[in-house]
Amino acid sequence: MAGETVLALRGVSKRFGAVQALTDIELEVHAGEVVALVGDNGAGKSTLVKAIAGVHQPDEGVIEWQGRPVTIHRPQDAQQLGIATVYQDLALCDNLDVVANLFLGREIRRLGILDEVAMEKRSRGLLDTLSIRIPSVRIPVASLSGGQRQVVAIARALIGSPKVVMLDEPTAALGVEQTAQVLDLVERLREQDHGVILISHNMADVMAVADTVAVLRLGRNNGVFDKRYTNQEEIISAITGATDNAVTRRRARGQEGSQ
Amino acid sequence: MSDHIPGNTPGGEPGRDRVPLPEDSMPTGGVNAPVPVAPEATPAVDPRLIVRQEGIKGYLAEFRRRVSSGELGSLPVVVALIVIWVVFGSLNSSFLSAQNLSNLSQQIVGTGMIALGVVFVLLLGEIDLSVAYVSGLCAALFAVLNVNNGVNQWVALLVALASGAAVGVIHGLFFAKVGVPAFVVTLAGNLGWNGLMLQVLGATGTVNLSGKDIVSRLYTTIYGQQIAAYGAAVIGIALFVIASLVDAARRKAAGVPYRPMTDIVVRTVVLAIIAFLAAYTLNQYKGLPLALLIFLIFIVVLDFVLRRTTYGRKVFALGGNIEGARRAGIDVAWIRISVFSICSTMAAVGGLFLAAQIQSASQTSGGGNLLMNSIAAAVIGGTSLFGGRGKTWSALLGALVIGSIQSGMNIEGLSNAIQFMITGAVLLAAVVVDSLARRTQRAAGRA
Ligand SMILES: Nc1ncnc2c1ncn2[C@@H]1O[C@H](COP(=O)(O)OP(=O)(O)OP(=O)(O)O)[C@@H](O)[C@H]1O
Ligand SMILES: [Mg+2]
């Protein structure tokens with residue numbers, strides 16, 4: 001089902017002062033694959049996403065894009081490659097309205113001037129498909145609810161035409177219907193051969209949409225599981241480290257080998 | 001916000017020339033989607049949204065809602081201006097005379113131009129404490145080059161403006177690249193540029209302008225023909241009407257909310273009343289001062305830059321969330337450096353007008369309360385000290401308030417001591433209004 005490898009991390013490490021946030025991380029994302037990245041609080045998931053997005057530079061290791069090593073110095077670099085990111089803290093500009101936030105950094109222009117009409121029209125269409133009710137696309141995002149802001153941040157990741165979409169806890173603040181829409185969206189992204197990295201603490205969501213589940217524990221890889229051959233208990237024990245032993249690793253390996 | 005909403009718009013149309021995007025296809029009903037939602041089942045507009053009705057009643061309701069949620073905009077400053085004019089006008093009838101108001105319109109230009117640059121820096125949430133002496137330095141450069149060294153006036157003008165831009169780039173580099181807080185960089189600049197200005201002026205300390213040079217003429221030229229002031233008013237109104245109508249038509253065609261006709265008419269009428277009253281007053285005295293016209297053109301052009309270009313959008317984004325702007329791919333350092341450069345260039349422009357006003361560049365240029373007045377003008381005019389909120393028009397409104405206070409006190413024969421205290425109190429009041437508005441906005445979920 002999964003296509004070529006779009007994004008791969010080889011031995012990526014990241015240190016913050018005295019904190020070794022990431023150690024020797026290996027991760028692969030294929031076209032048309034949804035990789036769920038799970039782990040306890042502080043496991044380093046957001047740090048990993050930021051390293052890929054160009055917000056932090058890894059201290060060691062290589063990031064490969066479509067098989068070639070790339071350096072991602074700045075967020076622009078990641079955007080140009082085709083990596084779109086929804087950050088955990090959303091990174092919206094509170095004083096700007098919804099339309100301005102959606103198109104920030106890649107505004108539609110007409111004769112060099114902002115084309116507000118085209119942007120507004122596109123924004124409405126985009127927000128409608130995520131079935132969110134927003135009072136007006138012309139109010140500052142500061143006046144939106146947490147979930148509405150989150151949907152704006154998700155919609156923003158879809159404005160370009162990304163090849164890989166990274167969603168850092170996209171449904172944390174969402175209602176039932178909006179969560180379903182986001183999960184649908186993730187599946188649509190997969191159908192259209194995009195790679196998706198989805199971070200979530202909600203195991204039901206993870207099991208519902210993920211193809212592969214990568215577990216981080218204390219900044220290290222703690223197993224990569226194929227969704228078809230694993231279950232919630234196994235992943236949870238990998239997250240908590242309760243069954244972090246040779247037996248479980250063998251089983252994971254054996255399942256991978258028997259694909 | 002004040003847009004009229006004609007109804008639900010069909011959503012989900014694909015944009016133009018691009019590859020199909022995920023959002024283009026309908027939801028396919030994933031495993032966790034018990035609620036199939038067709039786009040048309042979800043109104044884009046929240047039924048709870050307070051939408052302004054058309055007409056005067058709508059305006060009043062909207063107005064009340066805005067005040068209660070802290071979106072005051074330029075309301076406080078307009079009220080303050082009216083109060084100031086009424087008070088001074090009743091104390092002495094010569095305050096509201098055509099002559100005094102005409103002079104006022106010329107005198108505010110120097111401070112106003114500097115304030116215009118300060119608006120840009122304030123939008124970033126930063127401050128520039130060097131503008132006054134940068135203005136003095138650039139005026140001194142022009143005067144010394146043109147008068148003492150006989151350099152061509154245009155070349156001298158260009159050098160003065162370019163020096164302003166360069167000063168700003170230096171501030172910006174230290175702030176954006178080295179990471180020194182802006183107020184420290186510009187405080188050091190305030191002292192350093194003052195020193196350089198004294199150095200440039202040399203032993204004599206005062207250089208008188210010839211009175212025939214381009215800078216003097218830009219300030220002193222007044223178009224006496226009746227048609228000039230009225231013509232400018234008509235052109236301004238016409239541009240406003242055309243822009244409003246074109247925008248409304250495009251929005252209507254695209255099916256997004258647009259300003260209703262009554263709204264456009266009301267705004268145009270208000271603008272026309274102000275413009276023609278101003279033109280009439282100016283014509284009662286000598287006519288339309290070129291300096292005022294240039295000031296207005298600067299305001300309109302820079303307003304356009306801020307609200308209608310990607311550059312302006314980036315400036316606002318930085319004022320709202322620096323990290324967010326950086327992650328959106330905005331080159332934060334470049335925007336910061338360029339904004340400081342714009343600010344210092346506008347300080348140079350203001351300095352030239354101030355020099356023309358007193359027909360000389362001297363050791364006192366840029367001194368006194370010019371720094372406070374320029375920053376106060378921007379803040380009093382309604383540009384937030386907290387960044388991300390403001391308009392170029394606040395430079396005009398704020399400069400008018402400060403200029404009116406000064407002019408009124410001069411007429412009353414009050415001392416500088418009292419003037420300073422009153423201007424200080426007005427500045428404090430403006431900052432209090434800004435802070436309170438921000439707090440109310442937070443409470444009303446708008447900040
Ligand atoms: N900018 C930073 N400076 C210093 N330490 C940091 C920084 N960002 C993250 N860390 C540290 O790195 C570790 C990993 O943090 P990270 O945000 O990646 O966790 P996470 O897996 O996303 O957790 P959560 O599920 O709570 O979001 C934490 O110990 C955190 O304290
Ligand atoms: Mg996180």
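Our subject is the structure that appears above.
Let me sum up the structure you'll find in this document. (Residues numbered from 1 in each chain as written. Chains lettered and ligands numbered in written order. Predicted model: local features only at pLDDT ≥ 70, side-chain atom pairs only at ≥ 80, totals over all residues. Heavy atoms only, no water.)

### Thoughts on the overall build of chain A
Quick reminder of the rule: The way it works is that DSSP assigns letters per residue, a run of H or I at least four long becomes a helix, a run of E at least two long becomes a strand, and they are numbered from the N terminus. The globule rule used here is 2.2 Å times the number of residues to the 0.38 power, and the radius of gyration it is set against is calculated over C-alpha atoms. For the area figures, the Shrake-Rupley method with a 1.4 Å probe applies, and any residue is considered shielded solely by the protein chains shown.
Secondary structure assignment for chain A yields nine helices and twelve strands. Here the C-alpha atoms of chain A give a radius of gyration of 19 Å, agreeing with the 18 Å that 2.2 N^0.38 yields for 259 residues. Its C-alpha atoms give chain A principal-axis dimensions of roughly 60 × 40 × 35 Å. Taken as a whole, chain A presents about 9,700 Å² of accessible surface, with 48% of it coming from carbon and sulfur.

### Some points on the environment of Leu 157 of chain B
All names here are of chain B. To keep things clear, this is the line we draw: Under the scheme applied here, a residue whose accessible area is under 20% of the maximum for its type counts as buried, over 50% as exposed, and between as partly exposed, the area being computed with a 1.4 Å probe on protein chains only. Only heavy atoms enter the contact rule, under which two residues are in contact if any of them lie within 4.5 Å.
When you line up the elements, Leu 157 lands in helix α5 (residues 153-178). Of the residues examined, Leu 157 reaches a relative accessible area of 12% and is grouped as buried. Distance in space between the C-alpha atoms of Leu 157 and Ala 348 is 9.8 Å, their sequence separation being 191 residues. Not counting residues up to four positions away in its chain, the partners in contact with Leu 157 are Phe 142, Ile 214, Val 215 and Leu 352.

### Some points on the site of ligand 1
Residues and elements named next belong to chain A. What counts here: When we say a residue is near a molecule or strand, we mean one of its heavy atoms is within 4 Å of it. Pairs of N or O atoms are called polar contacts if they sit within 3.5 Å, as long as, within protein, a hydrogen donor faces a hydrogen acceptor (for residues adjacent in sequence, only side-chain-to-side-chain pairs).
What surrounds ligand 1 is a group of 14 residues, the closest being Asn 41, Gly 42, Lys 45, Ser 46 and Thr 47. Gln 88 is positioned such that a nitrogen or oxygen atom in its side chain is 2.9 Å from an oxygen atom of ligand 1. In isolation ligand 1 has 630 Å² of accessible area, and contact with the protein removes 63% of it. Of all the elements in the fold, those that place two or more residues in the shell around ligand 1 are β2 (19-30) and α1 (45-53). It is α1 that provides the largest number of residues to the shell around ligand 1, a total of three residues.

### A closer look at the coordination of the magnesium ion (ligand 2)
Residue and element names in this part refer to chain A. What counts, and what does not: Counted as donors are N, O and S atoms no farther than 2.8 Å from the metal, or 3.2 Å for Na, K and Ca; water is not among the atoms, and sites may therefore look incomplete.
For the magnesium ion (ligand 2), every protein donor is listed as Ser 46 (OG) and Gln 88 (OE1), and the spread of their distances is 1.9 to 2.1 Å. Of this pair, Ser 46 sits in helix α1 while Gln 88 sits in the loop between β6 (83-86) and α3 (98-102), placing them 42 residues apart in sequence. Overall, Ser 46 belongs to the buried group, its relative accessible area being 18%. Looking at Gln 88, the relative accessible area reads 40%, which means it is partly exposed.

### Concerning the sheet that holds strand β12 (residues 220-226) of chain A
All names here are of chain A. Inclusion rule: In this description, strands pair whenever DSSP reports at least two bridges between them. Axis definition: a line fitted to C-alpha atoms, limited for helices to the stretch in contact. Angles are taken between N-to-C directions and run from 0 to 180 degrees.
Across the sheet, six strands lie side by side as β6-β9-β10-β3-β11-β12; this open sheet has mixed pairing. With partners counted over all chains shown, the strands left at the sheet margins are β6 and β12, one partner each. Strand-to-strand twist in this sheet, taken as the mean axis angle between neighbours without regard to direction, amounts to 15 degrees. Where strand β9 (residues 164-168) meets strand β10 (residues 195-199), five bridges bridge the pair, whose relative direction is parallel. Looking across to β10, one finds that Val 164 is bridged to Gly 195. Contacting β6 and β9, helix α5 (residues 146-157) crosses the sheet at an angle of about 180 degrees to β6. Across the sheet, helix α8 (residues 232-240) lies against β3 (34-38), β11 (212-217) and β12, angled at about 25 degrees from β11, the strand it touches most.

### Observations concerning the layout of surface pockets
Residue and element names in this part refer to chain B. Under the convention used in this document: Space inside and on the surface of the protein is sampled on a 1 Å grid over the protein atoms alone, with a cavity defined as a set of points where a 1.4 Å probe fits but cannot get out and a pocket as an open set with protein on both sides within 12 Å along at least 5 of 7 lines; lining residues have an atom within 4 Å of a point. Grid points are joined across faces, edges and corners, and a volume is the space filled by probe spheres set on the points. Each residue is assigned to one of three groups, with Ala, Val, Leu, Ile, Met, Phe, Trp, Tyr, Cys and Pro labelled nonpolar, Asp, Glu, Lys and Arg labelled charged, and all others, Gly among them, labelled polar.
Volume-wise, the second largest pocket comes out at about 750 Å³. What lines the second largest pocket is a set of 30 residues, and nearest its centre among them are Thr 111, Leu 354, Gln 357, Asn 369 and Gln 406. Considering each element in turn, the lining of the second largest pocket owes the most residues, six residues, to helix α15 (residues 393-412). Along the lines of polarity and charge, the residues of the lining of the second largest pocket split into ten nonpolar, 20 polar and no charged.

### Regarding the side chain of Ser 102 of chain B
All names here are of chain B. Counting through the fold element by element, Ser 102 comes out in helix α3 (residues 98-123). For Ser 102, a relative accessible area of 4% translates into the label buried. Within the local environment of Ser 102, its side chain forms a polar contact with the backbone oxygen of Ala 98, the two atoms lying 2.8 Å apart. When sequence neighbours within four positions are dropped, the list of residues in contact with Ser 102 reads Thr 281, Leu 282 and Tyr 285.

### Describing the sheet that holds β2 of chain A
Residue and element names in this part refer to chain A. Strand order in the open sheet made by the four strands is β2-β1-β4-β5, with antiparallel pairing throughout. Only two strands of the sheet have a single partner each, and these edge strands are β2 and β5 (68-70). Shown here is a sheet whose adjacent strand axes are inclined to one another by a mean of 25 degrees, direction ignored.

### Focus: the pattern of salt bridges
Put simply, the test is: Every case where a carboxyl oxygen of Asp or Glu lies within 4 Å of a side-chain nitrogen of Lys or Arg is listed as a salt bridge.
Evaluated as defined, the whole model comprises 21 salt bridges over all chains. Between Asp 97 of chain A and Arg 138 of chain A there is a salt bridge, with its nearest N and O atoms 3.0 Å apart. Here Arg 138 of chain A lies in the loop between α4 (116-129) and α5 and Asp 97 of chain A lies in the loop between β6 and α3, a separation of 41 residues in the sequence. Of the charged contacts, one joins Arg 250 of chain B and Asp 115 of chain A as a salt bridge, the two residues approaching to 3.1 Å between their closest N and O atoms. One end of the pair, Arg 250 of chain B, is in helix α8 (residues 226-254); the other, Asp 115 of chain A, is in the loop between β8 (113-114) and α4, on a second chain. Since its relative accessible area comes to 27%, Arg 250 of chain B is described here as partly exposed.

Read these as geometric descriptors, not functional statements.
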